[in-house]
Amino acid sequence: MTTKTRVKTPNHVLRRIREEERRESREEFARALVAIADTIGEHGLACDARLVARWEDGEVGRPRPAYQRALEALTGRSFDQLGFRRNAIEVPSQDALAPERLSFYVDEEGQVWANVDRRTFLVGGSATALLAQLGTDLPIFGGLNDLYGFADHAKARWPDLKLSQPTPDFGVDLTALLPDGRAMEGAVLRMQFHAGSTSEGRVMTRLTNATRWAEFSRATSRGLLVAADRSAEKSRFFAMDAREARRRLAQSPDSDTLAIPCAYELDDFTYGLLWAAASLDDGLQADDQELAISRDELAQYEALTSSAVSREAAPDLGRVSHAWLGSDFCARHILRNLTNLPELPIFWTREQRGEEACTWLLFDHKYAYLRGVRSATGDQASVRMFCIPHRAVQDSPRHERVLLFVSIALMEATGIHAKVCDDPAYSSVEGFVLGGEQAIIANWVRGAGMWHVDTTQRVSVLREFREATGQVGAHSVIEANSPAERLRALAAYLELDWAWLVTRCRALAHVGTAGLLRPRSRLISVAGIDAACAFVNDMGQSIA
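Keep in mind the model is a prediction, meaning the values are calculated, not measured.

Caption draft 1: Looking closely at the packing of aromatic side chains. One pass over the full model with this rule turns up 13 aromatic pairs. An angle of 70° between the planes, with centres 6.0 Å apart, marks the rings of Phe 269 and Trp 500 as edge-to-face. Separated by 231 residues along the polypeptide, Phe 269 in helix 11 (residues 268-286) and Trp 500 in helix 20 (residues 498-511) bring together distant segments of the chain. Accessibility classification places Phe 269 together with Trp 500 in one group, the buried group. With centroids separated by 5.8 Å and ring planes inclined at 10°, the aromatic side chains of Trp 348 and Phe 432 adopt a geometry described as stacked. Of this pair, Trp 348 sits in strand 12 (residues 346-349) while Phe 432 sits in strand 15 (residues 432-435), and the two are 84 residues apart along the sequence. In textbook terms, an aromatic cluster arises when at least three aromatic residues are bridged by ring pairs, as seen for Trp 348, Tyr 426, Phe 432 and Phe 465. Lying over the aromatic face of Trp 360, Lys 366 brings its terminal NZ or CZ to 3.7 Å of the ring centre.

Below, the structure written as structure tokens:
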């Protein structure tokens with residue numbers, strides 16, 4: 001049995017890109033080529049609709065080098081990948097696609113058709129080989145148009161990130177599926193790419209296709225506009241939240257040019273922030289109504305001095321919402337009982353990885369809680385202790401270690417003296433606040449339920465807490481006399497480059513992170529991130 005399939009000649013490849021991928025007229029496509037040529041230094045490129053038509057109709061062979069470079073930059077594909085040539089169609093040499101198994105003919109419109117044995121076409125990648133020979137981009141058979149080299153860039157750094165190309169795309173060049181964590185679901189990002197050029201701390205990019213940008217920017221789901229700077233040996237990528245980009249463009253309705261801060265370059269620092277912000281934000285948004293109802297229903301537990309609440313008390317909520325409920329309840333439990341402690345409190349927290357710690361940066365009540373603790377303790381610096389075994393550091397990807405660093409930096413920024421224990425024997429100790437002969441238990445991280453809270457004066461419990469705090473107090477792996485020195489030691493322990501952290505925090509502190517992260521949920525805020533970045537910048541200058 002044979003099947004008839006239309007085969008696009010190389011001269012039709014450009015037309016498909018223009019009409020199906022970019023959905024532009026020949027005039028719009030020509031303007032886009034000229035605009036991209038300016039950004040890559042091919043000034044004076046002359047391209048109009050007539051030239052585009054001649055290319056598409058096969059009246060012109062291989063374009064001159066300047067046009068080739070502009071086409072590569074505009075499409076994100078090499079010239080060979082575009083398949084733009086006038087050569088006759090060559091049949092692959094594999095036995096499965098031997099010439100005797102294929103027959104070609106040209107219809108009245110000049111389109112090339114192939115009669116192919118259906119089984120031959122589908123077996124063993126034969127279809128892929130044929131389509132590759134004919135110059136297509138292979139979207140169905142697993143090939144991914146690597147726009148500006150981003151797929152390779154992302155795969156090398158974040159192997160768990162999954163990229164795909166939607167069809168039809170409606171303005172979306174790539175869809176990114178952010179990975180799940182141990183305690184939170186991942187998220188989906190839509191991405192649209194444009195060429196960019198770096199100048200004076202900004203990346204300038206032009207949105208030449210108004211239709212595609214409108215389709216992309218008006219969607220309610222989270223999107224990233226990404227500018228690719230290909231001027232250096234390796235491409236660099238700079239992102240801005242699509243809604244923020246739309247807002248900024250609306251302020252200059254006569255311009256199609258957008259400036260993205262260089263601070264928003266996609267690296268392990270910003271990827272970690274995006275992963276955490278999108279995952280927490282989307283998780284809370286998905287449960288918004290049910291979460292509000294559950295919080296009201298669970299408020300009855302506030303009248304009790306102790307409680308341990310299972311996740312089954314809110315069975316319809318996701319993991320992020322359970323975490324938010326536990327964190328919120330524990331924070332309020334501590335603040336209600338903090339003034340009853342007879343001595344300056346010592347805090348013990350269970351966060352060991354960036355995924356657990358990022359809630360300090362993004363849950364709105366967490367930053368308010370830290371400031372509330374500072375208000376309750378006055379000018380005296382409280383101590384917060386962590387147990388972060390070296391194994392947890394080794395098992396964490398770099399972007400998660402960045403999140404952990406920034407979270408602890410936020411605590412130092414609010415006047416808290418951070419200490420870190422590397423002994424895994426203390427990993428199972430619950431979260432608590434110890435003040436003399438009394439302790440507050442408040443645990444939701446890695447707990448059996450949503451939370452466990454209590455107040456106690458039991459001698460056995462106090463003895464356990466004193467042993468843990470004594471061990472960390474005597475053997476903190478980041479102990480130093482100043483916050484700056486402690487943070488520098490923390491960076492070394494987490495195997496992060498201190499100078500790089502200071503540089504990235506300085507850049508983000510200057511412009512803020514809202515333009516990149518732009519929370520949707522009323523329960524998410526970037527205030528903590530911005531405060532931590534500003535503090536690291538100040539500390540970096542003090543020990544530079």
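Structure shown, so let's carry the discussion forward.
Caption draft 2: Region of interest: the side chain of His 333. Tracing the backbone shows His 333 in helix 13 (residues 319-337). Exposure remark for His 333: the relative accessible area of 2% places this residue in the buried category. Excluding residues within four positions of it along the chain, His 333 makes contact with Thr 305, Ile 440, Ile 441, Ala 442, Val 453, Asp 454 and Thr 455.

Caption draft 3: Representation of the pattern of salt bridges within the structure. All chains considered together, the criterion is met by 28 salt bridges. A salt bridge links Arg 319 to Glu 185; its shortest N-O distance comes to 3.6 Å. Of this pair, Arg 319 sits in helix 13 while Glu 185 sits in the loop between strand 5 (174-178) and strand 6 (187-199), and the two are 134 residues apart along the sequence. In this structure Arg 319 comes out as partly exposed when scored by relative accessible area, which is 33%. Judged by its relative accessible area of 28%, Glu 185 is partly exposed. Close ionic contact of Asp 288 with Arg 522 constitutes a salt bridge, the shortest N to O distance being 3.4 Å.

Caption draft 4: How the structure looks around the sheet that holds strand 15. If you trace the seven strands from one edge of the open sheet to the other, you get 11-17-16-15-12-13-14, paired in mixed fashion. Edge positions in the open sheet fall to strand 11 (307-309) and strand 14 (417-421), since each of these has one partner strand only. If you compare each strand with its neighbour and ignore which way they point, the axes differ by 15° on average. Two elements, strand 13 (residues 383-387) and strand 14, share five bridges in a ladder whose sense is parallel. Residue pairing across strands places Val 383 opposite His 417, the latter belonging to strand 14.

Caption draft 5: A look at the pairing of strand 9 (residues 236-241). Most of strand 9 is tucked away: five of the six residues are buried. With six bridges joining them, strand 8 (residues 223-229) and strand 9 adopt antiparallel strand pairing. Within strand 9, the residue paired with Leu 224 across the bridge is Asp 241. Turn length for the strand 8-strand 9 hairpin, with the two strands adjacent in sequence and antiparallel, is six residues.

Caption draft 6: Representation of the environment of Arg 212 within the structure. Within the secondary structure, Arg 212 sits in helix 9 (residues 210-217). Residue class for Arg 212 comes out buried when judged on its relative accessible area of 5%. Considering only alpha carbons, one finds Arg 212 and Arg 23, 189 residues apart in sequence, at a separation of 7.6 Å. Not counting the four nearest positions on each side in its chain, Arg 212 is found in contact with Glu 21, Arg 22, Arg 23, Asp 169, Gly 171, Val 172, Asp 173 and Gln 192.

Caption draft 7: Focus on unusual backbone geometry. Pro 168 follows Thr 167 through a cis peptide bond whose omega is -5°. Checked against the element boundaries, Pro 168 lands in the loop between strand 4 (162-164) and strand 5. Non-glycine residue Arg 446 carries a positive phi angle of around 55°. The topology assignment puts Arg 446 in the loop between strand 16 (438-443) and strand 17 (451-456). The backbone of Glu 495 shows a phi angle near 60°, a positive value even though the residue is not glycine. Checked against the element boundaries, Glu 495 lands in the loop between helix 19 (483-493) and helix 20.

Caption draft 8: Inspection of the environment of Gln 380 at higher detail. Locating Gln 380 in the fold gives a position in the loop between helix 15 (364-377) and strand 13. Distance from Gln 380 to Ile 416, taken between C-alpha atoms, is 9.1 Å for residues 36 residues apart in sequence.

Caption draft 9: The nonpolar core, seen in detail. Membership of the largest hydrophobic core comes to 146 residues, with the highest contact counts inside it found for Phe 150, Phe 269, Phe 405, Trp 451 and Leu 487. Here the element with the most residues in this core is helix 11; it accounts for ten residues. Ignoring sequence-local partners within four residues, the contact set of Phe 269 consists of Val 402, Val 406, Trp 500, Leu 501, Arg 504, Cys 505, Leu 508 and Cys 533. One finds Cys 421, Val 429, Val 461 and Leu 462 within the second-largest nonpolar core, a separate group that totals 16 residues.

Caption draft 10: Seen up close, helix 14 (residues 354-362). Counting buried positions over the nine residues of helix 14 gives nine, a clear majority of the element. Buried within helix 14 we find Gly 354, Glu 355, Glu 356, Ala 357, Cys 358, Thr 359, Trp 360, Leu 361 and Leu 362. Buried residues along helix 14 sit in contact with helix 11, strand 12, helix 15, strand 13, helix 17 (398-413) and helix 22 (527-542).

Caption draft 11: The packing of helix 11 against helix 14, seen in detail. For the pair helix 11 and helix 14, interaxial distance at closest approach is 10 Å and the crossing angle is 80°. Between helix 11 and helix 14, the angle falls in the class roughly perpendicular. Contacts from Trp 275, Ala 276, Ala 277 and Leu 280 in helix 11 reach Glu 355, Cys 358, Thr 359 and Leu 362 in helix 14.

Caption draft 12: Geometry of helix 4 (residues 65-75). Counting buried positions along helix 4 yields eight of eleven residues, so the element is predominantly enclosed. The set of residues buried in helix 4 consists of Ala 66, Tyr 67, Gln 68, Ala 70, Leu 71, Ala 73, Leu 74 and Thr 75. Once helix 4 finishes, Gly 76 follows within two positions and takes phi at roughly 75°, a positive value.

Rules used throughout
- Residues numbered from 1 in each chain as written.
- Predicted model: local features only at pLDDT ≥ 70, side-chain atom pairs only at ≥ 80, totals over all residues.
- Heavy atoms only, no water.
- Phe/Tyr/Trp six-rings, centres within 6.5 Å; stacked < 30°, edge-to-face > 60°.
- Helix = DSSP H or I, 4+ residues; strand = E, 2+ residues; numbered from the N terminus.
- Buried < 20%, exposed > 50% of the residue type's maximum accessible area, 1.4 Å probe, protein only.
- Lys NZ or Arg CZ within 6 Å of the ring centre and 35° of its normal.
- Contact = heavy atoms within 4.5 Å.
- Salt bridge = Lys/Arg side-chain N within 4 Å of Asp/Glu carboxyl O.
- Pairing = 2+ DSSP bridges.
- Axes fitted to C-alpha atoms, helices over the stretch in contact; angles between N-to-C directions.
- Core = buried A, V, L, I, M, F, W, Y, C linked by side-chain atoms within 4.5 Å.
- Parallel < 35°, antiparallel > 145°, perpendicular 65-115°, else oblique.

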